[in-house]
Amino acid sequence: MRPDTVVPSAVPAVEPITPPPATPPHDETVPHTHPEPGVDPHPPLARAGRALRVGIGGPVGSGKTALVAALCRAFADELRLGVVTNDIYTTEDADFLRRAGVLDPARIRAVETGCCPHTAIRDDIGANLDAVDELAEAVGPLDLVLVESGGDNLTATFSRGLVDRQIFVVDVAGGDKVPRKGGPGVTAADLLVINKTDLAPMVGADLAVMDRDARARRGDLPTLFLSIVGDPTATSVADWIRHELAHHAALHPLDVPVGPA
Amino acid sequence: MATPSLLLLLADGRFPAGAHAHSGGLEAAVAAGRVTDLASLEAFLAGRLATAGLVGAAFAAAAHRAAVAETVGSAHPARSARPSDPPAGSAGRSAALARLDAELDARTAAPALRAVSRRQGRALLRAGRTIWPDARFADLPQKPGGAHQPLVLGLLCAAAGLSRVETATIAAYGTLTGAASAGVRLLGLDPYQVQALLVGLADACDGTAADAARAADDPPERLPAAAAPLADIHAEIHATWEVRLFAS
Ligand SMILES: Nc1nc2c(ncn2[C@@H]2O[C@H](COP(=O)(O)OP(=O)(O)OP(=O)(O)O)[C@@H](O)[C@H]2O)c(=O)[nH]1
Ligand SMILES: [Mg+2]
């Protein structure tokens, strides 16, 4: 098994994922897309000239909003955070994030996509870029902006003009064949998250098959197995983002602001 | 004009200026039960062309006129400058555009639609600044929500070398195609039938553009002010919905 691909070795019956211990000083099992040995990705995080923008895409119901909430929890005391959602966004969604105590509604912007969720994140990204700008105007400079796509199909992907990194979230309940189907999200996202591993026994999903297929599709790109139910701060994904933030800060130093937030 | 490809590029619904997210009031009209099928969509589009279409096209044409003011002599060799011609130069352009901005505000009764027009202007400007970095966007009025979309369009078309009537055509055409495409998505209408409907409206669209381009010779306060109060009311209600698929 690759060190950057964490598959639960067995499928436990109850509460499968033990919450990982506090992050060790330098955990190299944490995957990152641009390994730079010289960069220490761990706190204190360097501030960058502009926020790192991370797209979170994937099929309907795979756990994108749950992952956003988990990351908000993980970074609550660490980063200045904003969220842009292309989801069909109800006040219930905002309430969900607020009630979970994870995000002030002022830090969330919803973008209407005119029934074209993929267009808004790929072909015509202006409304999303406006939302990112408005967040910074409203709450000040940010370190990290999470952009949730509308639930779409496997062909959706974010423009590089909108995000710096993208995470594609699929779930085991969608069937263990999903990684094999490929599509730009599965094959090319900077991080593939296979969520809801706690449901694997219920739906008869074979995580080893998913791991093998993901690896075949993705080459060296990292894949993480996750159960947000078992790990409400999505520790492994948060660590991956910390790594990417460190690289981003090296590329966009504080004194040389690049573009809008 | 020797620039048909640029005309098509700017009129294309795939030009990344956010058009896909706007239904031109159709989402609200559908929810109100006023547009349900091809026939009612056609009536909606014809009404939109005669109101928002005409006004938007006239203001885009007027902004285009302001943008090319300093070259009036060469663009229209047949006539000398008229007293109503906007003053040339950056200061003159800024003043002309600021007046157009105020006049268009006055013609847009619904606050929600004023915000939408500025939002769309901001999106178009974002695209335009990257694509035509030398265009005179700095002369646009600096308003917090952005400049009105027709004003940005006028400057953009001037930068692309399009004529005034081509500019008005793009504006009028956009008010039709955006809503028509939203109709396909919201009502599940047959896309061939909807295109046929647009073919039927093509003459009206060209006529509206010609009227708008002519109207732009008048001073700003005389520009068309056609409006549809029910569309304004719908827009205000739409803005309060908890869940919207379209931004307008
Ligand atoms: N069992 C289990 N359920 C999960 C997990 N992660 C998310 N869910 C549930 O899956 C459902 C969908 O999660 P969301 O986060 O709303 O999914 P989404 O991808 O944002 O969905 P859309 O935005 O509608 O596409 C919710 O009921 C979550 O509670 C998980 O790890 N395990
Ligand atoms: Mg969601």
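Procedures and definitions
Residues numbered from 1 in each chain as written. Chains lettered and ligands numbered in written order. Predicted model: local features only at pLDDT ≥ 70, side-chain atom pairs only at ≥ 80, totals over all residues. Heavy atoms only, no water. Buried < 20%, exposed > 50% of the residue type's maximum accessible area, 1.4 Å probe, protein only. Helix = DSSP H or I, 4+ residues; strand = E, 2+ residues; numbered from the N terminus. Pairing = 2+ DSSP bridges. Axes fitted to C-alpha atoms, helices over the stretch in contact; angles between N-to-C directions. Parallel < 35°, antiparallel > 145°, perpendicular 65-115°, else oblique. Contact = heavy atoms within 4.5 Å. UniProt positions renumbered as here; feature names shortened; annotations may be inferred. Expected span 1.5 Å × (residues − 1). Salt bridge = Lys/Arg side-chain N within 4 Å of Asp/Glu carboxyl O. Buried area = accessible area lost by both parts, 1.4 Å probe. Polar contact = N/O pair within 3.5 Å; in protein donor to acceptor, adjacent residues only side chain to side chain. Nonpolar A, V, L, I, M, F, W, Y, C, P; charged D, E, K, R; others polar. Near = heavy atom within 4 Å. Areas by Shrake-Rupley, 256 points an atom, 1.4 Å probe, with all protein chains shown as cover.

Peer 1: I would appreciate a short explanation of the pairing of strand β3 (residues 81-85) of chain A in the present structure.
Peer 2: Across a regular strand the side chains alternate sides, sitting on one face of the sheet and then on the other. Residues and elements named next belong to chain A. In terms of burial, β3 is a largely internal element, 5 of the 5 residues being buried. Where burial is concerned, the two faces of β3 agree: the one with Leu-81, Val-83 and Thr-85 and the one with Gly-82 and Val-84 are both buried. Both β3 and strand β4 (residues 108-110) contribute to a ladder of 3 bridges, which runs parallel. Opposite Thr-85, over in β4, you have Ala-110 as the bridge partner.

Peer 1: Can you walk me through the packing of helix α6 (residues 111-131) of chain B against helix α10 (residues 229-238) of chain B in this structure?
Peer 2: The angle between the axes and the distance between the axes are what describe a pair of packed helices. All names here are of chain B. Where α6 meets α10, the axes come as close as 7 Å, and the angle between the chain directions of the two elements is 80°. Classified by the angle their axes make, α6 and α10 are roughly perpendicular. The segment α6 lies against α10, with Pro-111, Ala-112 and Leu-113 engaging Ala-231, Asp-232, Ala-235 and Glu-236.

Peer 1: I would appreciate a short explanation of the environment of Leu221(A) in the present structure.
Peer 2: For Leu221(A), the position within the fold is in the loop between α8 (207-218) and β8 (223-225). Through-space distance from the C-alpha of Leu221(A) to that of Ala188(A) is 7.7 Å; in sequence the pair is 33 residues apart.

Peer 1: Help me out: how do you make sense of the UniProt feature "binding site: GTP" (unreviewed entry) in chain A in this one?
Peer 2: Residues and elements named next belong to chain A. UniProt's feature table lists "binding site: GTP" (unreviewed entry) at Gly-58, Pro-59, Val-60, Gly-61, Ser-62, Gly-63, Lys-64 and Thr-65, given in the numbering used throughout. Its place among the elements puts Gly-58 in the loop between β2 (52-57) and α1 (64-75). Once residues lying within four places of it in the same chain are set aside, the contact partners of Gly-58 are Lys-64, Ser-149, Gly-150, Gly-151, Asp-152, Phe-168 and Val-169. Assignment of secondary structure puts Val-60 in the loop between β2 and α1. On the accessibility criterion, Val-60 (66% relative accessible area) is exposed. In this structure Val-60 touches Gly-151 and Asp-152, once residues within four positions along its chain are discounted.

Peer 1: Even after reading the chapter, I still don't get helix α4 (residues 126-139) of chain A, so can you show me in this structure?
Peer 2: Structural remark: α-helix, 3.6 residues per turn; residues separated by three or four positions point the same way. If you check α4(A), its first and last C-alpha atoms are 20 Å apart, about what 14 residues at 1.5 Å a residue would give, namely 20 Å. Counted residue by residue, α4(A) has 10 buried out of 14 residues, so it is predominantly covered. Inspection of α4(A) places Gly126(A), Asn128(A), Leu129(A), Asp130(A), Ala131(A), Val132(A), Asp133(A), Glu134(A), Leu135(A) and Ala136(A) among the buried residues, and these make up the whole buried set. Residues of α4(A) that are buried in the fold lie against β2, β3, β4, α3 (117-121) and β5 (144-148) of chain A together with α6 of chain B.

Peer 1: Please explain the pattern of salt bridges as it appears in this structure.
Peer 2: Pairs may arise between side chains of opposite charge once their charged atoms sit close together. This structure, assessed with the given rule, holds 28 salt bridges over all chains. Several salt bridges share partner residues, and in doing so they unite Arg109(A), Asp130(A), Asp133(A), Glu134(A), Glu137(A), Arg119(B), Arg122(B) and Arg126(B) into one network.

Peer 1: Explain the interface of chain B and chain A here, please?
Peer 2: Chain B puts 18 residues into the contact, and the matching count from chain A is 20 residues. If you sort the residues of chain B by the area they bury against chain A, His20(B), Arg122(B) and Arg126(B) come out on top, with a joint share of 37%. Between chain B and chain A we count 7 salt bridges in total. Taken together, the connections running from chain B to chain A amount to 12 residue pairs in polar contact (both at pLDDT 80 or more). Looking at the side of chain B that touches chain A, the element that brings in the most residues is α6(B), giving 4 residues. In the side of chain B that touches chain A, the residues fall into 10 nonpolar, 2 polar and 6 charged.

Peer 1: Help me out: how do you make sense of the site of ligand 1 in this one?
Peer 2: Residues and elements named next belong to chain A. Close contacts around ligand 1 come from 18 residues, with Lys-64, Thr-65, Ala-66, Asp-87 and Asp-198 the closest. Separating an oxygen atom of ligand 1 from a side-chain N or O atom of Lys-64 is a distance of 2.8 Å. At 3.5 Å from an oxygen atom of ligand 1 is found a main-chain nitrogen or oxygen belonging to Val-229. Calculation on ligand 1 without its partners gives an accessible area of 650 Å², and the protein chains cover 68% of this total. A total of 3 residues in the shell around ligand 1 trace back to one element, the largest contributor, which is α1.

Peer 1: What's the story with the environment of Ser90(B) in this structure? I'm lost.
Peer 2: Position of Ser90(B) among the secondary structure elements: in helix α5 (residues 89-107). Remark: the alpha-carbon pair of Ser90(B) and Glu166(B), spanning 76 residues in sequence, is separated by 23 Å.

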